[in-house]
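Spelled out, the chains give:
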Amino acid sequence: MNTISIKTSALLLIAISIACATSQKENEPNLSIDITAADVETHITYLASDELKGREAGTADEAKAANYIADYFRDFGLEPAGNERTYFQEYTINTSVLRNPHSTDTTGEKRLSKNVVAMLKGTGDSDEFIIIGAHYDHLGYGEFGSLYRGEVERIHNGADDNASGTTGLLELAQYFSENRPATDILFLAFSGEEMGLLGSAHYANEPTVDLSNALAMINMDMIGRMNAEKKLLIFGNGTADKWESINNTANTDSLNLSLVADGTGASDHTSFYYKNIPVLHYFTDTHSDYHRPSDDTEYINSEGEVLVLKHLVRVVEQLDDLDQQDLEFIEAPGEQRQSMRLEGPTLGVLPDYGYDGKGMKITGTNPGQSAANAGLKGGDIIVGLGGETLEDIYGYMSALNTLKKGQLTTITILRDGEELTLDLQL
């Protein structure tokens, strides 16, 4: 073969290789490009390190995490979508209200916190966009919301809750920047979730982009503890007709999916559900380290998180072919995260996971269900159920599991410091 033929053949091979690579990228994305267990471990190891001291909302340590996220968004080529053309949306936390929800004190400590906001522009020309979110704050040393009862103050690193979700946000931002969809994607890292969905509620009420163009909101909260059975819970399947089909189609890794209809919950998707946006919440289930110092990096299943993120990628790929008329919002309120472990009846209450006093505080009730019918309302603290005294949320769950649907019993609550006992029909 002569020199010209050799050069021609070489150029032809290069052209074929480029064409194949382009075809794979456009039609069959290579999910190993950016979503790797090694990257998952790297991000979680930093976010859940003692250096960040638990990322409590409104602290300098949380600000370090916010800057870490913003730097990666910038590196991936995402556009700043916060206030004043930055990656941040700032808001104020009043800690006196957190210590006493009934307080009208406005002189307590004020903290400046921030959401991290970035937009990945798609290749299409539609104004619609998909929201992918996760909260990056945790409990710091446990002043608000800890279930730890030890005498020695300890850092709550929150590796699963929610360094895992924040890591997922970064991995997906990188992946879709390399495999750009037609639809825009708004990436949101929320602060203040552990103090009562403060960051997501602030964003939903004061958005930096027009939420009327939001196709869907996908939330990742605690996705780092997939078990050996590859269990993955996905809430929100009742908020759009197509969700169940989309999620099942995306399940090419034989995950053990539990598709829950409920669109509300003790996580940030709830703020968008109440804006009539179809939502999903990815969750690999609760565990004994929840809101305790033991929620650390050593227990993270990085390979399992990769499977979660690959599933989510396939969901987004399907959404990329839809518009708002194809994915209409449906009301689907229901039980909270902890209720999935209940074997008995449910009350239809929204637990306040940031409450660390005696009993179980609720942030609201679901209309038409037992608690609402009995007269419970947001701010009540359940201290007794069926004659059992409750110490915390786990005591509540244990008491419910001893009762039966249809049973008439009583519930004891604290409301504005007054103890009330009400009749309860389960």
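Residues numbered from 1 in each chain as written. Predicted model: local features only at pLDDT ≥ 70, side-chain atom pairs only at ≥ 80, totals over all residues. Heavy atoms only, no water.

Details of the overall build of the chain
The following threshold applies: Helix numbering and strand numbering both begin at the N terminus, where a helix is a DSSP run of H or I of at least 4 residues and a strand a DSSP run of E of at least 2. Only protein chains enter the accessibility calculation, which uses a 1.4 Å probe; a residue whose area is less than 20% of its type maximum is buried, one above 50% is exposed, and one in between is partly exposed. Should any heavy atoms of two residues lie within 4.5 Å, those residues are counted as being in contact. Per-residue and other accessible areas follow the Shrake-Rupley method at a 1.4 Å probe size, with only the shown protein chains counted as cover for residues.
Assigned secondary structure in the chain consists of 11 helices and 15 strands. Among the 426 residues that make up the chain, the fraction classed as buried is 54%. Summarising the internal contacts of the chain: among those between residues at least 6 apart in sequence, 74% fall at separations of at least 24. As displayed, the chain offers around 18200 Å² of accessible surface, 46% of which is attributable to carbon and sulfur atoms.

A look at the pattern of salt bridges
This is how the line gets drawn: A pair is scored as a salt bridge if a Lys or Arg side-chain nitrogen falls within 4 Å of a carboxyl oxygen belonging to Asp or Glu.
Evaluated as defined, the whole model comprises nine salt bridges. Its salt-bridge partner being arginine 111, residue glutamate 56 comes within 2.6 Å of it at the nearest N-O pair. Of this pair, glutamate 56 sits in the loop between α2 (37-47) and α3 (60-75) while arginine 111 sits in strand β3 (residues 110-120), and the two are 55 residues apart along the sequence. Under the relative-accessibility criterion, glutamate 56 is labelled buried at 8%. Note that arginine 415 is salt-bridged to aspartate 380, the shortest N-O span being 2.8 Å. Of this pair, arginine 415 sits in strand β14 (residues 408-415) while aspartate 380 sits in the loop between α10 (370-374) and β12 (381-385), and the two are 35 residues apart along the sequence.

Some remarks on the nonpolar core
The condition is simple: Working definition of a nonpolar core: buried Ala, Val, Leu, Ile, Met, Phe, Trp, Tyr and Cys residues. They are joined through side-chain atoms within 4.5 Å.
Grouped together as the largest cluster of nonpolar side chains are 63 residues, with contacts concentrated most on Phe73, Ile132, Phe187, Tyr282 and Leu319. Each residue touching leucine 319, except ones within four places of it in the same chain, is listed here: Ile130, Leu215, Ala216, Ile218, Trp243, Ile246 and Leu327. Counting residues in each nonpolar core, the second largest holds 20 residues, with Val349, Ile382, Leu385 and Leu400 among its members.

Regarding the pairing of strand β4 (residues 129-135)
The side chains of a regular strand alternate between both faces of the sheet. Filter applied, for reference: Think of it this way: DSSP has to see at least two bridges between two strands before they count as a pair. Seen with its strands pointing away from the viewer, a crossover is right-handed when the path leading from the first strand over the helix to the second is clockwise.
Burial runs high along β4: seven of the seven residues are buried. Residues Phe129, Ile131, Gly133 and His135 point to one face of β4 and Ile130, Ile132 and Ala134 to the other, with burial holding for every one of them. By the bridge criterion, seven bridges tie β4 to strand β5 (residues 184-190) in an arrangement that is parallel. The residue of β5 that forms the bridge with isoleucine 130 is isoleucine 185. This β-α-β element, β4 to helix α5 (residues 159-178) to β5, shows right-handed connectivity. In the sheet, β4 pairs with strand β6 (residues 214-220) via five bridges, with the strands oriented parallel. Bridge assignment links glycine 133 to a residue of β6, and that residue is asparagine 219.

Some remarks on the side chain of asparagine 247
Mapped onto the elements, asparagine 247 comes out in helix α7 (residues 243-250). Apart from residues lying up to four places away in sequence, asparagine 247 is in contact with Ile234, Asn237, Leu257, Leu259, Leu280, Tyr282, His311 and Val315.

Overview of the confidence of the model for the chain
To be explicit about the condition: You can read pLDDT as the predictor saying how much it trusts each residue, on a scale of 0 to 100.
Residues with a pLDDT of 70 or more make up 84% of the chain, whose mean pLDDT is 87. Overall, residues 1-32 carries pLDDT values under 50, and its contacts beyond four positions in sequence, including any with other chains, amount to 15 contacts. Note on residues 335-343: pLDDT under 50 across the span, and 43 contacts to partners over four residues away in sequence or across chains.

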